[in-house]
Amino acid sequence: MINSVVIVGGGTAGWMTASYLKAAFSDRVQVTLVESEKVSRIGVGEATFSTVRHFFDFLGLDEADWLPKAAGGYKLGIRFENWSIPGEHFYHPFERLRVVDGFSLAEWWLELGDRSKPFDQQCFITTALCDNKRSPRMLDGSLFVAGLDGTLGKSTLAEQRAQFPYAYHFDADKVAEYLAGYATQRGVRRVLDNVTGVEQDERGWITAVRTEASGDLTGDLYIDCTGFRGLLINQAMGASFESFADVLPNNRAVALRVPRENANDMDPYTSAIAMNAGWRWNIPLFRRDGTGYVYSDEFISPEEAEAELRAAVGPAADDVSANHIRMRIGRNDRAWINNCVAIGLSYAFVEPLESTGIFFIQHAIEQLVRHFPDENWDPQLAADFNGRVHRVVEGVKEFLVLHYKGAQREDTPYWKEAKVRKAPDGVLERVATASSHLLDSETIFPHYHGFEQYSWNAMNLGLGIIPEKARPAIRHMDPANARQEFAKLKAEADAMVAALPSCYEYLASIND
Ligand SMILES: Cc1cc2nc3c(=O)[nH]c(=O)nc-3n(C[C@H](O)[C@H](O)[C@H](O)COP(=O)(O)OP(=O)(O)OC[C@H]3O[C@@H](n4cnc5c(N)ncnc54)[C@H](O)[C@@H]3O)c2cc1C
């Protein structure tokens, strides 16, 4: 049996992995986590995917308990600003498109909708909640989408059936500490020390990690959560890193933690605002915003990026120091080699657009539990695991490239270059298809990568890749049901905006 695991690294990846292993295997697997006080966590990673809800449910954690401890807020979707037309915005929400008589509401919008207004305002309820800064929960705690709350239970990404309507924003350091408390209470041994290297046997399998003051730490399975440095997977196991710079050139970020003057003025969404040489995120936490500029240093220097960011944020950030971060964009050829598995930034990262870092971690942990080895170390388990985590990253990479290919702005060298830049195989074909008709599950990246066809269509239509007409079949159909659905959606949106408290108001009620 494999019954002892050593995790190196105590960032979001390390503590999420330790907590999940305890929730899944309890005391049948011993877990030691070693983290350095000399090497700090990356300190960003504050927006999530709606599927993260499965993670916290699996751990049996109650949102009303953990979210306030992480200074958290709600995220109903991402608001894209200035990607195509200056001053305009659209949302990529956590809301699937409704289906009427076999076609999505977006398809019906192409036939019946008001094209002078953005598609998202007519096809989603969430858009109205975002514009009006509503909470997805009533003051009594009930969810605006009735009946969903109780159905998730202890499920995994693979078992997800319903689209949960929101994700979270949180302070990544506070979440790591919260999960550290959860894991150590359940028996995880926490070692504060610096790992200086590993011992390997003649086959290249790890037999121990060496520390400065705590001696050798030994286990059966070693998990590398050391972030971009890849202390075990790259430096010891020799995984080769495949850069995505040719298709996703952003390689740096500069981040600020900005106090929010009016705490009540809290957005229930992440903003992704196009800038001269990249884009800027804004992530509202309970009392402050996290903001940062993601850019390519081929087009702008770190000093210029910081100045452009500060100019956009205004005086609220005058007394705040900036965190400059180099990003390693790409993935290793393998996440699992011999008895070492890399999870988190040590395996892969594709820049923060669409907030997929924590999603990759969650997906990898779930797959590790599913493919957990025994003493025979069946190589097929590792191969399957590697294939799955690889495909998730590749699918997200394609989806992100689509954002840059679809963006209509061409006003700076950065945005001009985005139009002619290389794209992964298949992306340009998908853009061409999307100009003719909406994409379906067979015309998006075919393997699981977290984004469904509605996401691809929401991005294309928002960015301005809009078919001239609906599919011809629609014109042979009675539009009465679709008209009724549009009217119903509008009425539901108005009713929800009137009934729901503001995002801040609800969060204040659980922060007391
Ligand atoms: C600019 C930017 C923005 C991002 N935004 C988002 C977002 O909005 N949403 C999202 O989901 N993801 C985001 N991410 C990704 C997210 O931050 C990471 O996926 C997440 O924080 C996990 O990081 P990690 O735990 O892998 O690494 P880290 O946080 O870097 O942790 C590494 C750990 O390893 C330890 N360590 C290192 N060396 C040693 C050693 N020798 N001995 C012992 N311990 C050691 C460190 O002490 C630390 O505990 C973003 C990333 C970047 C760069």
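Per an unreviewed UniProt entry, the protein chain carries the name Tryptophan 7-halogenase and comes from Actinacidiphila acidipaludis. In its Sequence similarities (unreviewed entry) section, UniProt records this for the protein chain: "Belongs to the flavin-dependent halogenase family. Bacterial tryptophan halogenase subfamily."

For the structure shown, the criterion picks out 36 aromatic pairs. Ring centres of Phe-80 and Phe-90 lie 5.3 Å apart, and the angle between their planes is 10 degrees; on these two criteria the pair is classed as stacked. You can see Phe-80 sitting in strand β4 (residues 77-81) and its partner Phe-90 sitting in strand β5 (residues 89-93), a full 10 residues away along the chain. Taken together, a centroid distance of 5.1 Å and an interplanar angle of 80 degrees make the contact between Tyr-414 and Trp-415 edge-to-face. Look at Tyr-414 and you get buried, because its relative accessible area is 1%. Taken together, the aromatic side chains of Tyr-20, Phe-55, Phe-56, Phe-58, Trp-66, Tyr-74, Phe-164, Tyr-166, Tyr-168, Phe-170 and Tyr-506 make up a single cluster linked through ring pairs. Here Arg-186 stacks its cationic end above the ring of Tyr-182, 3.7 Å away from the centre of that ring. Over the ring of Tyr-404 we find Arg-421, and its NZ or CZ is 5.9 Å from the ring centre.

Pairing is antiparallel across the open sheet formed by three strands, whose spatial order is β10-β11-β12. Of all the strands in the sheet, the pair left with one neighbour each is β10 (195-200) and β12 (216-217).

Let's shift gears to the site of the ligand. Taken together, 34 residues lie around the ligand, and Gly-10, Val-39, Ala-47, Val-195 and Ile-358 are the ones closest in. In the environment of the ligand, an oxygen atom lies 3.3 Å from a nitrogen or oxygen atom belonging to the backbone of Gly-357. Only α1 (12-25), β17 (278-284) and α9 (357-370) provide two or more residues apiece to the shell around the ligand. Ranked by residue count, the leading element in the shell around the ligand is α9, at three residues. Grouping the amino acids of the shell around the ligand by side-chain chemistry returns 17 nonpolar, 12 polar and five charged.

Turning our attention to the environment of Gly-238. Structurally, Gly-238 can be placed in the loop between β13 (221-224) and β14 (241-243). Of the residues examined, Gly-238 reaches a relative accessible area of 48% and is grouped as partly exposed. Sequence-wise, Gly-238 and Ile-337 are 99 residues apart; in three dimensions their C-alpha atoms are separated by 9.0 Å.

As a further point, take a negative patch on the surface. Judged by side-chain charge, Asp-374, Glu-375, Asp-378 and Asp-384 come together as a negatively charged surface patch. Tracing the chain through its elements places Asp-384 in helix α10 (residues 379-406).

To continue, consider α9. For an α-helix, 3.6 residues make a turn, and residues three or four places apart therefore share a direction. In a regular helix each residue adds 1.5 Å, so 14 residues correspond to 20 Å; α9 covers 20 Å between its end C-alpha atoms and thus fits that length. In terms of burial, α9 is a largely internal element, 11 of the 14 residues being buried. Within α9, burial applies to Ile-358, Phe-359, Phe-360, Ile-361, Gln-362, His-363, Ala-364, Ile-365, Glu-366, Gln-367 and Leu-368.

Attention now goes to the sheet that holds strand β2 (residues 30-35). Read from one edge to the other, the open sheet built from six strands follows the order β9-β2-β1-β13-β22-β21, with strand pairing classed as mixed. Looking at strand neighbours, the two that pair on one side only are β9 (189-192) and β21 (336-337), the edges of this open sheet.

Applying the stated criterion to the full structure yields 40 salt bridges. A salt bridge links Lys-69 to Asp-65, with the shortest nitrogen-to-oxygen separation between them at 2.5 Å. Here Asp-65 and Lys-69 lie together in helix α3 (residues 63-69), a separation of four residues that amounts to about one turn. Look at Lys-69 and you get partly exposed, because its relative accessible area is 46%. The class of Asp-65 is partly exposed, set by a relative accessible area of 33%. The closest approach of N and O atoms between Arg-310 and Glu-306, which form a salt bridge, is 3.0 Å. Here Glu-306 and Arg-310 lie together in helix α8 (residues 302-313), a separation of four residues that amounts to about one turn. Via salt bridges that share partners, Glu-35, Arg-41, Asp-173, Glu-177, Arg-190 and Arg-257 belong to a single interconnected network.

Now for empty space enclosed by the protein. Rolled over the atoms, a probe sized like a water molecule indicates the empty space that remains. Enumeration over the complete set of coordinates arrives at four cavities of 30 Å³ or more. Lining the largest cavity are Phe-49, Ser-50, Thr-51, His-92, Phe-94, Gln-160, Gln-163, Gly-450, Phe-451, Glu-452, Tyr-454 and Ser-455. Considering only residue class, the lining of the largest cavity consists of four nonpolar, seven polar and one charged. The computed volume of the second largest cavity comes to approximately 80 Å³. If you go around the second largest cavity, the residues you meet are Ala-342, Ile-343, Gly-344, Tyr-347, Ala-348, Phe-360, Ile-361, His-363, Ala-364, Val-389, Val-392 and Val-393.

The calculated volume of the second largest pocket comes to roughly 690 Å³. As for the second largest pocket, its lining consists of 33 residues, and the residues nearest its centre are Ser-441, Ile-444, Phe-451, Glu-452 and Gln-453. Of all the secondary-structure elements, those providing two or more residues to the lining of the second largest pocket are β7 (103-104), α9, α10 and α13 (453-463).

This brings us to the packing of α1 against α9. Between α1 and α9, the shortest axis-to-axis distance is 10 Å and the interhelical angle comes to 35 degrees. Of the two possible hands of crossing, α1 and α9 adopt the one that is right-handed. Of the residues in α9, those touching α1 at Thr-12, Ala-13, Met-16, Thr-17, Tyr-20, Leu-21, Ala-24 and Phe-25 are Ile-358, Ile-361, Gln-362, Ile-365, Glu-366 and Val-369. Across the contact of α1 with α9, the residue classes break down as 10 nonpolar, three polar and one charged.

Quick notes on the rules
- Residue numbers here run from 1 along each chain, matching the order of that chain's written sequence.
- Local features in a predicted model are, by the rule used here, given only for residues with pLDDT of at least 70; side-chain atom pairs are given and counted only at 80 or more, and totals for whole chains, interfaces and linings are based on all residues.
- To get the side-chain values, all heavy atoms of the structure are used, and hydrogens and water are removed first.
- UniProt positions are given in the numbering used here, feature names are shortened, and annotations may be inferred rather than shown by experiment.
- Here the aromatic set is Phe, Tyr and Trp, taking the six-membered ring for Trp, and pairing holds for ring centres within 6.5 Å; pairs whose planes are under 30 degrees apart are stacked, those over 60 apart are edge-to-face, and all others are tilted.
- Only DSSP runs of H or I reaching four residues or more are called helices, and only runs of E reaching two or more are called strands; each is numbered from the N terminus.
- Burial here depends on accessible area, computed with a 1.4 Å probe over protein chains only, as a share of the maximum for the residue type. Under 20% is buried, over 50% is exposed, and the range in between is partly exposed.
- Remark: a charge is flagged as sitting over a ring if the NZ atom of Lys or the CZ atom of Arg is within 6 Å of the ring centre and within 35 degrees of the ring normal.
- A strand pair is defined by DSSP finding two or more bridges across the two strands.
- It suffices for a single heavy atom of a residue to lie within 4 Å of a molecule or strand for the residue to be listed as near it.
- Pairs of N or O atoms are called polar contacts if they sit within 3.5 Å, as long as, within protein, a hydrogen donor faces a hydrogen acceptor (for residues adjacent in sequence, only side-chain-to-side-chain pairs).
- When residues are grouped by polarity, Ala, Val, Leu, Ile, Met, Phe, Trp, Tyr, Cys and Pro land in nonpolar, Asp, Glu, Lys and Arg in charged, and all others, Gly among them, in polar.
- Residues with no salt bridge and a relative accessible area higher than 30% make up the patches, which join like charges within 9 Å and nonpolar side chains (Val, Leu, Ile, Met, Phe, Trp, Tyr) within 5 Å.
- Method for areas: the Shrake-Rupley scheme with a 1.4 Å probe, in which residue coverage is limited to the protein chains shown.
- Salt bridges, as used here, are contacts in which a Lys or Arg side-chain nitrogen is within 4 Å of a carboxyl oxygen on Asp or Glu.
- When charges are counted, Lys and Arg are positive and Asp and Glu negative, with His and the chain ends excluded.
- By convention, the charge on Lys lies at NZ, on Arg at CZ, on Asp at CG and on Glu at CD.
- Each residue after the first adds 1.5 Å to the expected span of a helix.
- Both site types are read off a 1 Å grid over the protein atoms alone. A 1.4 Å probe that fits but cannot get out defines a cavity, while an open set with protein on both sides within 12 Å along at least five of seven lines defines a pocket; lining residues have an atom within 4 Å of a point.
- Grid points are joined across faces, edges and corners, and a volume is the space filled by probe spheres set on the points.
- The angle between two axes is taken between their N-to-C directions and runs from 0 to 180 degrees, where each axis is a line fitted to C-alpha atoms and a helix contributes only its stretch in contact.
- Whether a crossing is left-handed or right-handed is set by the direction in which the near helix is turned from the far one by less than a right angle, anticlockwise for left-handed and clockwise for right-handed.
- Only heavy atoms enter the contact rule, under which two residues are in contact if any of them lie within 4.5 Å.

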